[in-house]
Amino acid sequence: VTQVDSELHDALSLLPGVDVGSALKLVSGSEAKLLDLLARFCKKHARRSDWFSEQLQNHQVDTLLLWAHSVKGLSRSLGLQGIADRAVTLESSLKNQASIEQLVKDSGLLLEDIKTLCSTVTKLQEHSQSSQTNQVEMTQESTRAFIEQLISKLKCSDAKAVSLF
């Protein structure tokens, strides 16, 4: 388990309603794959506030029901039970023709939970990318050191050594 993987597990465990164990089962224990799936989820659902308001103003209840249902199912699969619960509440409010105020409240809570998740996922991705960059630089440095040692052992001339770089 790498440091980034451990940080992913720890960070997701801190979010309310996240079952990291269930999520990892979905991806055969690969935290990198889980991070990728969560990033895709975020890309699709993180900025839906304006879209939701527009659909609500246009009385597109069926579209909103489908969206809430999709978020519920996907979030359950990803171990995001807290988000799934919010989606269930929104779905129920839509089915029961709740007031606009209630729909705005329910959608706001759902979207805020998604936003919190996505903020965490973004930070983890940035950290993961910077860690990978550092690993590549270290690999290049160690390769260079190895070549320098090899050249000195082979007692190559400086001209030959330069051509290897």
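Please read these numbers as outputs of a predicted model, since none were measured by experiment.

Some thoughts on helix H5 (residues 61-77)
Part 1 of the reasoning: For H5, which comprises 17 residues, the first-to-last C-alpha distance of 24 Å matches the rise-based estimate of 24 Å (1.5 Å per residue) to within 8%.
Part 2 of the reasoning: For H5, every residue scored as buried is listed here: Leu64, Leu65, Trp67, Ala68, Val71, Lys72 and Ser75. Looking down the long axis of H5, one finds its buried residues gathered within 165° of arc, a one-sided arrangement. Facing away from the buried side of H5 by more than 90 degrees, the exposed set consists of Asp62 and Leu66.
Part 3 of the reasoning: Immediately beyond the C-terminal end of H5, within one or two residues, lies Gly79, with a positive phi of roughly 75°.

Details of the packing of helix H4 (residues 49-57) against H5
Part 1 of the reasoning: Between H4 and H5, the shortest axis-to-axis distance is 8 Å and the interhelical angle comes to 145°. Counting all contacts with H4, which are made through Trp51, Phe52, Gln55 and Leu56, the residues of H5 involved are Thr63, Leu64 and Trp67.

Some details on the state of the cysteines
Part 1 of the reasoning: This structure, assessed with the given rule, holds one disulfide.
Part 2 of the reasoning: Linked covalently through their sulfurs, Cys42 and Cys118 form a disulfide whose S-S length is 2.2 Å. Measuring handedness by torsion sign, the sulfur bridge of Cys42 and Cys118 sits at about -100° and is left-handed. Within this pair, whereas Cys42 is found in helix H3 (residues 31-45), its partner Cys118 is found in helix H7 (residues 100-154), the two being separated by 76 residues in sequence. Judged on exposure class, the residue Cys42 and its partner Cys118 are both buried.

Let's talk about the nonpolar core
Part 1 of the reasoning: Counting 36 residues, the largest nonpolar core has Leu12 and Leu117 as the members making the most contacts within it.
Part 2 of the reasoning: Within the residue set of this core, elements represented by two or more residues are helix H1 (3-14), helix H2 (20-26), H3, H4, H5, helix H6 (81-95) and H7.
Part 3 of the reasoning: Here Leu12 is in contact with Val18, Val20, Leu34, Leu38 and Leu117, once residues within four sequence places are set aside.

Some thoughts on the confidence of the model for the protein
Part 1 of the reasoning: Looking at the protein, pLDDT values average 82 and 76% of them are 70 or higher.
Part 2 of the reasoning: Per-element confidence in the protein ranges from a low mean pLDDT of 49 for helix H8 (residues 158-164) to a high of 97 for H6.
Part 3 of the reasoning: pLDDT under 50 marks residues 133-137. Its contacts with residues more than four places away, or in other chains, come to zero contacts.

Here we look at H4
Three or four residues apart is the spacing at which side chains of an α-helix point the same way, because the helix has 3.6 residues per turn.
Part 1 of the reasoning: Every buried residue of H4 is accounted for by Phe52, Gln55 and Leu56. Angularly, the buried residues of H4 cover 100° about the axis, an arc narrow enough to put them on a single face. For H4, the exposed residues set more than 90 degrees away from the buried face come down to Asp50 and Gln57.

Some remarks on the packing of aromatic side chains
Part 1 of the reasoning: Evaluated as defined, the whole model comprises two aromatic pairs.
Part 2 of the reasoning: Members of the aromatic cluster, joined through ring pairs, are Trp51, Phe52 and Trp67.

Brief notes about the pattern of salt bridges
Part 1 of the reasoning: Applying the stated rule across the entire model yields four salt bridges.
Part 2 of the reasoning: Notably, a salt bridge pairs Asp113 with Arg86, separated by 2.9 Å at the nearest N-O pair. With a gap of 27 residues between them, Asp113 in helix H7 and Arg86 in helix H6 connect regions that are remote in the sequence.
Part 3 of the reasoning: Note that Glu91 and Lys95 form a salt bridge whose closest N and O atoms lie 3.9 Å from each other. Of the two residues, Glu91 and Lys95 are both situated in helix H6; the distance of four residues between them amounts to about one turn of the helix.
Part 4 of the reasoning: Where salt bridges share partners, they join Lys72, Glu91 and Lys95 into one cluster.

Basis of the calculations
- Residues numbered from 1 in each chain as written.
- Predicted model: local features only at pLDDT ≥ 70, side-chain atom pairs only at ≥ 80, totals over all residues.
- Heavy atoms only, no water.
- Helix = DSSP H or I, 4+ residues; strand = E, 2+ residues; numbered from the N terminus.
- Expected span 1.5 Å × (residues − 1).
- Buried < 20%, exposed > 50% of the residue type's maximum accessible area, 1.4 Å probe, protein only.
- Arc of directions from axis to C-beta.
- Axes fitted to C-alpha atoms, helices over the stretch in contact; angles between N-to-C directions.
- Contact = heavy atoms within 4.5 Å.
- Disulfide = S-S within 2.5 Å.
- Core = buried A, V, L, I, M, F, W, Y, C linked by side-chain atoms within 4.5 Å.
- pLDDT = per-residue confidence, 0-100.
- Phe/Tyr/Trp six-rings, centres within 6.5 Å; stacked < 30°, edge-to-face > 60°.
- Salt bridge = Lys/Arg side-chain N within 4 Å of Asp/Glu carboxyl O.

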